[in-house]
Amino acid sequence: MPQTPQLPTPNAMEGCGAYNRSSRVQAAGLSPALPMLQRAAQTAALPADTQPVVLADYGSSQGRNSLAPMNAAIDALRQRIGPDRPISVIHTDLPQNDFSALFHTLNNDPNSYLQTQSAVFASAVGRSYFQQILPPASVTLGWSSWAVQWLSRVPGIIPDQVQISFSHDPAARAAFSAQAAEDWQTFLKRRACELMPGGKLVVLTMSVDDDGNFGYAPLVRAIYATLLDLVQSGLVTSDEARHMAIPTVARSRADFLAPFERNGRFAGLLVEELETFDGEDGIWLDYQQHKDATQFAAQWAAFSRASVYPTLAGNLESGGASRVVDFCDRLEAGTAARLAAAPERMSIPLVKILLARQP
């Protein structure tokens, strides 16, 4: 029986603060979910007065895009608990995350809640959110943005693409769909265990639009075409390229609600709000003003390098760090050149969900 291919780090991000520097798209996309997070903070059940309020940030990456949500949640909580009650903010991500960049951001960024808030205590855990991370019934309020679209593993080869939404292979699409359904249920079960009764969780993640489209079409086309060029040039072998996949799935509204179909609840969780929306392409809006196609393309290519290129590079079989850098450099340059030749606005379908832990 053939082995199921798996990447060493299914959602690796580039280190040294690169994700912080090139995550503008994510920052713009999370803003529409902040009012939902504030409502959750205003209505979540609170622990006994002798216990700190626990705020969990699932999938924090290098921290910059956690600052606005954490500040918004803390402000809303302070209206209920006053200025002196301790709040514990726990950032979680995979063990290979760049936690040095996270702590540098928390301690030095002027927008950090450690700079603007009192009686707030930060910590971090290197553990997958597909596992239980925190003690049972300990979390008052959870937040996860731009994270749960990543699968726990690569369930199979995508023979004609690097992103499953653009594949025409039925078997590959079925495998990724099944893995996405399983992972969504696993994520919900783990968070249900960690949330205290009456606790709330807000999730912002990739969705599909009303026509079922993933979005990002010009970008994905450019990445895949450049990868094929790298095979043609000999930098990447055909077998290495065949195993390269971006293990993200954009779920539909029906996909998100599927676990709740039987009685409106799943693992003790209830969906209080769910809304799909179009994220803002700020890079395109800037291009409309400056008309610099090179700058437009460079920003989108840098976004891709910080977020997905390390995952693709995980399938390079030899050559060490220098080959990884060369691969990422040439993939970034080729992607940028293609985008600069024909700039297009990116469609960015997103969803925001408010979940409550029932008693």
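Note: the structure precedes this text.
Our subject in this report is the structure included herewith. Everything numeric in this text was worked out from a predicted model, so none of it was measured. Counting from 1, residues in each chain are numbered in the order their sequence is written. In view of the model being predicted, local features appear only for residues whose pLDDT reaches at least 70, and side-chain atom pairs are presented and counted only at 80 or more, with totals across whole chains, interfaces and linings using the full set of residues. Side-chain measures here rest on the full set of heavy atoms in the structure, leaving out hydrogens and waters.

Observations concerning the pattern of salt bridges
- A carboxyl oxygen of Asp or Glu within 4 Å of a side-chain nitrogen of Lys or Arg is what we treat as a salt bridge. Throughout the structure, instances matching the rule amount to 12 salt bridges.
- Of the charged contacts in the structure, one is a salt bridge between Arg 39 and Glu 273, with a shortest N-O distance of 2.7 Å. With Arg 39 in helix 3 (residues 34-43) and Glu 273 in strand 7 (residues 269-278), this residue pair connects regions lying 234 residues apart in the sequence.
- Taking relative accessible area as the criterion, Glu 273 reaches 27% and is therefore assigned partly exposed.
- Salt-bridge contacts for Glu 272 lead to Lys 200; the nearest nitrogen and oxygen are separated by 3.3 Å. Here Glu 272 is found in strand 7, whereas its partner Lys 200 is found in strand 5 (residues 195-206), with 72 residues between them in sequence.
- Linked through salt bridges whose partners overlap, the residues forming this network are Arg 305, Asp 329 and Glu 332. Elements are defined by DSSP. Helices are runs of H or I of four residues or more, strands are runs of E of two residues or more, and each kind is numbered from the N terminus. Only protein chains enter the accessibility calculation, which uses a 1.4 Å probe; a residue whose area is less than 20% of its type maximum is buried, one above 50% is exposed, and one in between is partly exposed.

Notes on the nonpolar core
- Residues belong to one nonpolar core when they are buried, are Ala, Val, Leu, Ile, Met, Phe, Trp, Tyr or Cys, and are joined through side-chain atoms within 4.5 Å. In this structure, Trp 300 and Phe 327 are the most contacted members of the largest nonpolar core, which totals 97 residues.
- By size, the runner-up hydrophobic cluster in this structure holds 9 residues, among which are Val 154, Ile 158, Ile 164 and Phe 176.

Some points on the packing of aromatic side chains
- Two aromatic rings from Phe, Tyr or Trp, using only the six-membered ring of Trp, form a pair when their centres are within 6.5 Å; if the ring planes differ by under 30 degrees the pair is stacked, by over 60 it is edge-to-face, and anything between is tilted. Applying the stated criterion to the full structure yields 12 aromatic pairs.
- When the ring of Trp 184 is compared with that of Phe 256, the centres are 5.3 Å apart and the planes differ by 85°; the resulting orientation is edge-to-face. You can see Trp 184 sitting in helix 7 (residues 170-194) and its partner Phe 256 sitting in helix 10 (residues 253-257), a full 72 residues away along the chain.
- With relative accessibility at 1%, the residue Phe 256 sits in the buried group.
- With a centroid separation of 6.4 Å and 80° between ring planes, the pair formed by Tyr 216 and Trp 300 is classed as edge-to-face. Here Tyr 216 is found in the loop between strand 5 and helix 8 (217-233), whereas its partner Trp 300 is found in helix 12 (residues 293-307), with 84 residues between them in sequence.
- By the ring-pair criterion, three or more aromatic residues cluster together here, those being Tyr 129, Phe 130, Trp 184, Phe 187 and Phe 256.

Points about the pairing of strand 5
- With respect to burial, strand 5 is a largely interior element, 11 of its 12 residues being buried.
- DSSP-based pairing: two strands are paired if at least 2 bridges between them are found. Sheet topology note: the strand 4 (residues 139-145)/strand 5 ladder contains 6 bridges and is parallel. Bridge pairing in strand 5 links Val 139 to Leu 195.
- As a crossover connection, the stretch from strand 4 through helix 7 into strand 5 is right-handed.
- Where strand 5 and strand 8 (residues 349-357) come together, 7 bridges link them in antiparallel fashion. Within the sheet, the bridge partner assigned to Leu 201 lies in strand 8 and is Leu 355. Assignment of crossover handedness uses the view with strands pointing away from the viewer, where a clockwise path from the first strand over the helix to the second indicates a right-handed crossover.

Observations regarding the packing of helix 11 (residues 282-290) against helix 12
- Lines fitted to C-alpha atoms define the axes here, with helix axes fitted over just the stretch in contact, and angles between the N-to-C directions of these axes take values from 0 to 180 degrees. The geometry of helix 11 relative to helix 12 is characterised by a closest axis approach of 9 Å and an angle of 170° between their N-to-C directions. It follows from the interaxial angle that helix 11 and helix 12 lie roughly antiparallel. Contacts between helix 11 and helix 12 involve Ile 283, Trp 284, Tyr 287 and His 290 from the first element and Ala 293, Gln 295, Phe 296, Gln 299 and Trp 300 from the second.
- Each residue is assigned to one of three groups, with Ala, Val, Leu, Ile, Met, Phe, Trp, Tyr, Cys and Pro labelled nonpolar, Asp, Glu, Lys and Arg labelled charged, and all others, Gly among them, labelled polar. Its residues placed into classes, the contact of helix 11 with helix 12 shows 6 nonpolar, 3 polar and no charged. For this classification, under 35 degrees means roughly parallel, over 145 means roughly antiparallel, 65 to 115 means roughly perpendicular, and everything else is oblique. Here, residues are in contact when the closest pair of their heavy atoms is within 4.5 Å.

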